[in-house]
Amino acid sequence: MMSMDPLFDEAPRPAVELPAGAHHLPGFLPLEEQRWLVERFHEWGRGPVPPRYPLIGGYPMSVQSVCLGWHWNPGRLTRRAVDQNGELVPPVPDWMVRLGHRALLRATGDDEAARSYVPDCALVNWYEPSARMGMHQDKEERDPAPVVSFSIGDSCRFRFGNTETRNKPYMDLELRSGDLFVFGGPSRLAFHGVTRIMPDTAPAGLGLPPGRINITLRVSGLD
Ligand SMILES: O=C(O)CCC(=O)C(=O)O
Ligand SMILES: [Fe+2]
């Protein structure tokens, strides 16, 4: 498999010019950290609120998610899993807040902004190989702080668009295991989605079945 050859893993990806406020940092998470996050992922999956397919207009998404800090449903954030067992979702762990600082600092070079970034909500998504996520804006949050996104497992085709419509102009990029993607400032409300998962592209030994984890950190601006 090509992706397991280190030569291929290190093949440079062509730099794409992203809109202001958007940043892509390939290979941000070392493999050991990816593995460690996979272990946390398995723990989150065991509760108190189990993973579920959120409903959009009554139809289940193809992506499964668990939440930390705030429970996300399309259109709203609640403290408890109101559409499931009513349990409180676990808080965003301190290490994740620190990971958010590090990510934002590396992405923007803005020490001040990085230090004042305190995400109180994380969405942990699981994409089985056939899963997709349609174009949408992350707009349940009231705070304009950036969304910080980590990818682990199989690569995906990530579509990043404009703030006006879900249609063109947009650009397609590949998010691979370990990549960081940040969108803030003028790109904070850009439409984005995942158009496909690329099978058999995960690094070996992650401890994951075929598929992709995405973790997004957010600042809800709610109390
Ligand atoms: O999986 C991704 O990279 C994006 C996830 C996303 O857009 C979301 O959870 O709102
Ligand atoms: Fe999103």
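Residues numbered from 1 in each chain as written. Chains lettered and ligands numbered in written order. Predicted model: local features only at pLDDT ≥ 70, side-chain atom pairs only at ≥ 80, totals over all residues.

**Q** Please give an account of the overall build of the protein that cites residues and values.
**A** Secondary structure assignment for the protein yields four helices and 14 strands. Computed over C-alpha atoms, the radius of gyration of the protein comes to 16 Å, within 12% of the 17 Å expected from 2.2 N^0.38 for 223 residues, which places it in the range of a compact globule. Each principal axis of the C-alpha distribution contributes one length, and for the protein these read about 50 × 35 × 35 Å. In the protein, buried positions account for 36% of the 223 residues. Nonlocal contacts in the protein, meaning residues at least 24 apart in sequence, comprise 74% of its contacts between residues at least 6 apart. (Helix = DSSP H or I, 4+ residues; strand = E, 2+ residues; numbered from the N terminus. Rg over C-alpha atoms; globule rule 2.2 N^0.38 Å. Buried ≥ 20, exposed ≤ 12 C-beta atoms within 10 Å, placed from the backbone. Contact = placed C-beta atoms within 7 Å.)

**Q** Give a description of helix α3 (residues 94–108) that names residues and reports values.
**A** Each α-helix turn comprises 3.6 residues. Residues three or four places apart therefore point the same way. Here α3 contains 15 residues, and its C-alpha end-to-end distance of 21 Å stays within 8% of the 21 Å for a straight helix at 1.5 Å per residue. Within the sequence span of α3, burial applies to Leu99, Gly100, Ala103, Leu104 and Ala107. The buried residues of α3 occupy an angular sector of 130° when the element is viewed end-on, so they sit on one face. Structural note: α3 exposes Asp94, Trp95 and Arg98 on the side pointing more than 90 degrees away from its buried face. Directly beyond the C-terminal end of α3, a positive phi value near 70° is found at glycine 109. (Expected span 1.5 Å × (residues − 1). Arc of directions from axis to C-beta.)

**Q** Before we move on, can you summarise the environment of methionine 61 with the specific residues and values?
**A** Its place among the elements puts methionine 61 in the loop between β3 (59–60) and β4 (63–68). Put simply, methionine 61 and glycine 134 are 73 residues apart on the chain and 9.2 Å apart in space, counted from C-alpha to C-alpha. In contact with methionine 61, not counting residues within four places along its chain, are Tyr53, Pro54 and Ile56.

**Q** Give me the lowdown on the site of ligand 1, citing residues and values where you can.
**A** Neighbouring ligand 1 are Leu123, Asn125, Met133, Asp138, Ser149, Phe158, Leu175, His192, Val194, Asn214 and Thr216. A class-by-class count of the residues in the shell around ligand 1 yields five nonpolar, five polar and one charged. (Near = placed C-beta within 6 Å. Nonpolar A, V, L, I, M, F, W, Y, C, P; charged D, E, K, R; others polar.)

**Q** Break down the UniProt feature "domain: Fe2OG dioxygenase" (unreviewed entry) in the protein for me, with residues and values.
**A** UniProt feature "domain: Fe2OG dioxygenase" (unreviewed entry): in the numbering of this structure it lies at residues 118–221. With 0% helix and 43% strand, the stretch residues 118–221 has end C-alpha atoms that lie 10 Å from each other. (UniProt positions renumbered as here; feature names shortened; annotations may be inferred.)

**Q** Please give an account of the UniProt feature "binding site: Fe cation" (unreviewed entry) in the protein that cites residues and values.
**A** According to UniProt, the positions carrying the feature "binding site: Fe cation" (unreviewed entry) are His136, Asp138 and His192. Over a stretch of 57 residues, the named residues converge on one spot in the fold, their C-alpha atoms separated by at most 8.7 Å. Within the element layout of this structure, aspartate 138 appears in the loop between β8 (133–136) and β9 (147–153). Taking the number of C-beta atoms within 10 Å as the measure of exposure, aspartate 138 has 17 and is therefore partly exposed. Setting aside chain neighbours within four positions, we find aspartate 138 in contact with Val147 and Arg218. Relative to the helices and strands, histidine 192 resides in strand β13 (residues 192–197). Sequence-distant contacts of histidine 192, defined by excluding residues within four places in its chain, comprise Met135, Phe158, Arg159, Phe160 and Gly161.

**Q** Now, about the sheet that holds strand β1 (residues 22–25): what can you tell me, with residues and values included?
**A** Strand order in the open sheet formed by six strands is β1-β12-β9-β14-β7-β4, and the pairing between neighbours is antiparallel. Unpaired on one side and paired on the other, β1 and β4 mark the two borders of the sheet. Direction aside, neighbouring strands of the sheet carry axes that sit 15° apart on average. Relative to strand β14 (residues 212–218), strand β7 (residues 121–127) runs antiparallel, the two sharing seven bridges. Residue pairing in the sheet places tyrosine 127 in a bridge with arginine 212 of β14. The sheet contacts of helix α2 (residues 31–45) involve β4, β7, β9 and β14, and relative to β9 the element is tilted by about 95°. (Pairing = 2+ DSSP bridges. Axes fitted to C-alpha atoms, helices over the stretch in contact; angles between N-to-C directions.)

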